[in-house]
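Structural features, examined
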Amino acid sequence: MVYSIRSKSRSIISSMAALKTSVESTFASSPINRPAGSKTMKLEKIRDAQQGFTPVLKRRSFSKLETSSSSTAAALTRDRTSYKVQDGAKSCGGLDYFEEMKQRFLSFKKNKYFEELEHFQNLAKAQSPKFMVIACADSRVCPSYILGLQPGETFMIRNVANLVPPLENGPSETNAALEFAVNTLEVQNILVIGHSDCGGIQALMRMQDDVDSRQSLTENWVVNAKVAKFRTKAYTAHLSFDQQCRHCEKESISRSILNLLTYPWIEERVRKELLFIHGGYYDLLNCTFEKWTLDYKGRKVDEEEVGRHSIKDHSFWS
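Note that this is a predicted model, so its numbers are computed, not measured.

Burial of strand 4 (residues 276-283) is extensive: seven of the eight residues sit out of reach of the surface. Sheet analysis places strand 3 (residues 189-195) next to strand 4, joined by seven bridges and oriented parallel. Within strand 4, the position partnered with I193 by the bridge is G280. Two elements, strand 4 and strand 5 (residues 288-294), share six bridges in a ladder whose sense is antiparallel. Across the sheet, residue Y281 finds its bridge partner in strand 5, namely E290.

It is worth spelling out helix 13 (residues 241-260) at this point. Within an α-helix, residues lying three or four positions from one another point in the same direction, as the helix has 3.6 residues per turn. End to end, helix 13 covers 28 Å across 20 residues, agreeing with the expected 28 Å (1.5 Å per residue, within 8%). Most of helix 13 sits out of view: 14 of its 20 residues are buried.

Here we take up the nonpolar core. If you look at the biggest cluster of nonpolar residues, it comprises 27 residues, and the most contacted ones within it are M132, I134, L178, I190, L260, I266 and I277. Those elements giving two or more residues to this core turn out to be strand 1 (131-136), strand 2 (154-159), helix 9 (173-184), strand 3, helix 13, helix 14 (264-271), strand 4 and strand 5. Leaving out residues up to four positions away in the same chain, I277 has contacts with I190, I257, L260, L261, I266, V270, T293 and L294. Grouped together as the second largest cluster of nonpolar side chains are 15 residues, C136, L163, M207 and V223 included.

The subject of this paragraph is the side chain of N175. For N175, the location among the structural elements is in helix 9. Engagement of the side chain of N175 in a polar contact is seen with the backbone oxygen of G170, the distance being 2.9 Å. Within the local environment of N175, its side chain forms a polar contact with the side chain of Y263, the two groups lying 3.2 Å apart. In this structure N175 touches P165, G170, Y263 and W265, once residues within four positions along its chain are discounted.

So, how was this worked out
- Residues numbered from 1 in each chain as written.
- Predicted model: local features only at pLDDT ≥ 70, side-chain atom pairs only at ≥ 80, totals over all residues.
- Heavy atoms only, no water.
- Buried < 20%, exposed > 50% of the residue type's maximum accessible area, 1.4 Å probe, protein only.
- Helix = DSSP H or I, 4+ residues; strand = E, 2+ residues; numbered from the N terminus.
- Pairing = 2+ DSSP bridges.
- Expected span 1.5 Å × (residues − 1).
- Core = buried A, V, L, I, M, F, W, Y, C linked by side-chain atoms within 4.5 Å.
- Contact = heavy atoms within 4.5 Å.
- Polar contact = N/O pair within 3.5 Å; in protein donor to acceptor, adjacent residues only side chain to side chain.

Structure follows, in structure tokens:
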């Protein structure tokens, strides 16, 4: 009886030793577990390395690893490749940023969407904004944030230097959005918002006057405000470049407002007082906002009046 038990014990111990040898040889034969300059890795190091693999690898049992060394190596290679790609993205801030973005979205869903569920469900069916905003693409100038605009209130265009090209310049994404907002949504107000330290205006002011010298897409776009630049140069030649840019930032708003009137369907609605056009200027450094409204006199703008228009309801928010 005792001999039988001892015999069975030795058999079990031998089987466990054989299993351990099989597992060690399986890991040792895997190419990814042989670092440069060494033939094998100790089992402890392999287990440590597993901690860096994906959760799928962590759950992989030893019994699956006994199938074949080649299939195991292939599976581990795929897992490690996947891990390295994800780790590389995280090191660039990609995964961290999107994780933060995810949390912000979930916070919005919990604290805003569900709290105003009926409102958001109605927005999913249709929109009827009363305002249209044309603002700069600058990341520091977010109209919804600084003016507290809510979903459904404003139809928005953002482009470099908050420009409106004249009708004669042909189609663009800006005037396509204008057409939809005015003719389909029938917005009642258009607000053009400029801002201080505008890179688009700085690019415009640095450009050579020769049209053929334009080399970039940015220059080909900001040239829509060339009249604002000419007026700025004429009236501020004695000022520094920074001061000239600040002056041109406001001149370009005036130019865009007048360019809006080159669209017949906008001019008609303004004339009938169904649509009102406003200008706004946001000072980044001092956090002030200047606002005014076009005082339309029903006259067509000619080249002598370019850059000039009467205003009303001028206010300064500080």
